[in-house]
Amino acid sequence: MSNSDLDDLAAELADFAPPEKKKGRPASEERVIAGFQEIQRFAEQHGRAPQHGEDRDIFERLYAVRLDCLRALPDCRSLLESLDHQGLLAEAQTVAASGDEIIDIDDLAAELTDVAGPDDITVLRHVRTRAEKRTAEEIADRKPCEDFDAFKSLFDQVRCDLSSGLRVTRPFGQYATIEVGHWFILDGQTAYVAEEGEEFDSPQGKKDARLRVIYSNGTESNLLRLSLARALYKDETARRITDPDMGPLFSDFLEEGDLESGTIYVLRSLSDNPYVAEHRDVIHKIGVTGGKVETRIANAEHDSTYLLAKVEVVATYKLSGINRTRMENLFHRLFAPARLSITINDRFGHPVQPEEWFLVPLFVIDEAVVRIKDGSITGYIYDPETASLVKAG
């Protein structure tokens, strides 16, 4: 075979040759990207960039510090700019972190090595802030309760209520309230909020008050309300003990009409109706289904229930042991003051008024779901004027 034939054959085979392996990024850059992707996942889940503040979750505050560093370093911004589809690097922080320091890309990469994997954020090692240490000290600073006999019967009753199922325990949610008469489980002890002092503005701008909290082991403490909230939120085993009259929205025992699993879904209409189009971001349909949401909305454009238009799913919440009818009715009663009043013609030309659409921002629906799960929803109503959940009169 001549040299020219060999050259032709080599040219043809070149099309099938495996591509040359490109030189990978330096390990430091890979770690910076991995850390930024964690921040992006947080932003996707919460709809905002992580923020500073002692009232924030410990990992959110860590994300906020790291994002500040990434924004401040030109090398990092250049590296991440093509990946920043959420505009996180350009967004300005509203609250500055204390004790900021300038570090270079290698120092930041070394810090980000604490991230074990894309789904394993819980292994982050973090030095506690002074505020967190102060909170821990307040929780630990308990003294014998001199008049525990006056509370013992209450603790006995709560224990009986839990045994009989009259009361149940729920996780302490992000929006959960703490008021006099509320019961919790913290650090393995049942805790009762017996008294509350005058409210004052905390350094974070939130309302706070000094509490008298009695514990089942015969001790008490006078910690701050925000300190108790942080302790409950960070204790993975902490629980709220519900009131006896909450009702069986969630139960360990299924009744007729209950679902072994269910999904609360929130829809947004893609209708070209002028009013709907103008207020599209705050008009939502809220429902519960035991099947697939996609199947439920497959023919939305032909159903007046869905405003005769396609819809998009903007949020879903997976739940277990729920009563579908009770759950839907609860949402509809809660947001009744904001029910959308609109008349459209169905495909036969008949006027209809869909009743499951509400003028409610998505973040308020998020809060309502959390409050339903932890039991605190019973003390709240929806205020259309402020577009928020407020304590009932």
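What comes next is a walk through the structure. (Residues numbered from 1 in each chain as written. Predicted model: local features only at pLDDT ≥ 70, side-chain atom pairs only at ≥ 80, totals over all residues. Heavy atoms only, no water.)

1. Describing the nonpolar core
Ile 264, Phe 331, Phe 335, Val 360 and Leu 389 are the most contacted members of the largest nonpolar core, which totals 24 residues. Sorting the residues of this core by element identifies strand S10 (258-269), strand S11 (283-289), strand S12 (311-323), helix H11 (324-334), helix H12 (362-374) and strand S16 (380-383) as the ones contributing at least two each. Take this core: its biggest share by element is 5 residues, from H12. If you look at the next biggest cluster of nonpolar residues, it comprises 16 residues, including Leu 67, Leu 70, Leu 73 and Leu 89. (Core = buried A, V, L, I, M, F, W, Y, C linked by side-chain atoms within 4.5 Å. Buried < 20%, exposed > 50% of the residue type's maximum accessible area, 1.4 Å probe, protein only. Helix = DSSP H or I, 4+ residues; strand = E, 2+ residues; numbered from the N terminus.)

2. Quick notes on unusual backbone geometry
Positive phi, close to 65°, is recorded for Leu 307, a residue that is not glycine. For Leu 307, a relative accessible area of 6% puts it in the buried group. The phi dihedral of Ala 387 falls on the positive side, at around 50°, and the residue is not glycine. Its place among the elements puts Ala 387 in the loop between S16 and strand S17 (388-391). On the basis of relative accessible area, Ala 387 is assigned to the partly exposed category, the value being 23%.

3. Re helix H8 (residues 225-234)
Within H8, 7 of the 10 residues are buried, which leaves the element mostly enclosed by the surrounding structure. Of all the residues in H8, the buried ones are Arg 225, Leu 226, Ser 227, Leu 228, Arg 230, Ala 231 and Leu 232.

4. Considering the sheet that holds strand S7 (residues 211-215)
An order of S1-S8-S7-S4-S3-S9-S2 is seen for the 7 strands of this open sheet, with the pairing classed as antiparallel. Looking at strand neighbours, the two that pair on one side only are strand S1 (143-144) and strand S2 (169-171), the edges of this open sheet. Contacting strand S3 (183-186), strand S4 (189-196) and S7, H8 runs over the sheet at an angle of about 55° to S3. (Pairing = 2+ DSSP bridges. Contact = heavy atoms within 4.5 Å. Axes fitted to C-alpha atoms, helices over the stretch in contact; angles between N-to-C directions.)

5. What about H12?
With 13 residues, H12 should reach 18 Å at 1.5 Å per residue; the first-to-last C-alpha distance of 19 Å fits that figure. Downstream of H12 by one or two residues, Gly 375 has phi in the positive range, about 95°. (Expected span 1.5 Å × (residues − 1).)

6. Re the packing of aromatic side chains
Throughout the structure, instances matching the rule amount to 8 aromatic pairs. A ring pair is formed by Trp 183 and Tyr 192, whose centres lie 4.4 Å apart and whose planes are at 35°; its orientation type is tilted. By the burial criterion, Trp 183 is buried, and Tyr 192 matches it. Seen from their ring centres, Phe 335 and Phe 358 are 6.4 Å apart, and the 55° between their planes marks the pair as tilted. In this pair, Phe 335 sits in the loop between H11 and strand S13 (344-345) while Phe 358 sits in strand S15 (residues 357-359), placing the two residues 23 residues apart along the sequence. Looking at Phe 358, the relative accessible area reads 0%, which means it is buried. An aromatic cluster is defined as three or more aromatic residues linked by ring pairs; in this entry it consists of Phe 148, Phe 151, Phe 155, Trp 183 and Tyr 192. Geometry around Tyr 215 places Arg 142 over its ring, the cationic atom sitting 3.7 Å from the centre. Note that Arg 371 overlies the ring of Tyr 380, its terminal NZ or CZ placed 3.9 Å from the centroid. (Phe/Tyr/Trp six-rings, centres within 6.5 Å; stacked < 30°, edge-to-face > 60°. Lys NZ or Arg CZ within 6 Å of the ring centre and 35° of its normal.)

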